[in-house]
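# Structural characterization, general
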Amino acid sequence: MSPLLKCIEEQARPLGAEDRARLAETMLESLQLLIADIEAAWAAEIEDRVNIFHQVICLPTALKKFLAKPAKLCGEASTLC
């Protein structure tokens, strides 16, 4: 336990039950904000990973279509392409 936390705890002990409960509620609320930020960051990370996955899966098909276009335009025997 850090010295600061120990000091805060010593100062909070003499408080009445209602004040200690309010202090505990405030501390829990501050943790909930952190949890919400972490969950939002993970949601963005998951979305990014899913998008990359779809790009990797779809890339070979798109690349085949892209590479097939010049072959169709030039023909197999053309030396210009």
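Once that is clear, we can look at the overall build of the protein. Helix and strand content of the protein: 2 helices and 0 strands. Out of the 81 residues in the protein, the part that is buried amounts to 1%. Taken as a whole, the protein presents about 7,600 Å² of accessible surface, with 67% of it coming from carbon and sulfur.

Right, let's talk about the pattern of salt bridges for a bit. Applying the stated criterion across every chain yields a total of 3 salt bridges. Linking glutamate 25 and arginine 22 is a salt bridge whose minimum nitrogen-to-oxygen distance equals 2.7 Å. Separated by 3 residues within a single helix, glutamate 25 and arginine 22 lie in helix H2 (residues 17–74), roughly one turn from each other. Residue glutamate 25 is classed as partly exposed on the basis of its relative accessible area of 42%. Linking arginine 49 and glutamate 45 is a salt bridge whose minimum nitrogen-to-oxygen distance equals 2.8 Å. Here the residue arginine 49 and the residue glutamate 45 both occupy positions in helix H2, the gap between them amounting to 4 residues, near one helical turn.

So, how was this worked out
- Residues numbered from 1 in each chain as written.
- Predicted model: local features only at pLDDT ≥ 70, side-chain atom pairs only at ≥ 80, totals over all residues.
- Heavy atoms only, no water.
- Helix = DSSP H or I, 4+ residues; strand = E, 2+ residues; numbered from the N terminus.
- Buried < 20%, exposed > 50% of the residue type's maximum accessible area, 1.4 Å probe, protein only.
- Areas by Shrake-Rupley, 256 points an atom, 1.4 Å probe, with all protein chains shown as cover.
- Salt bridge = Lys/Arg side-chain N within 4 Å of Asp/Glu carboxyl O.

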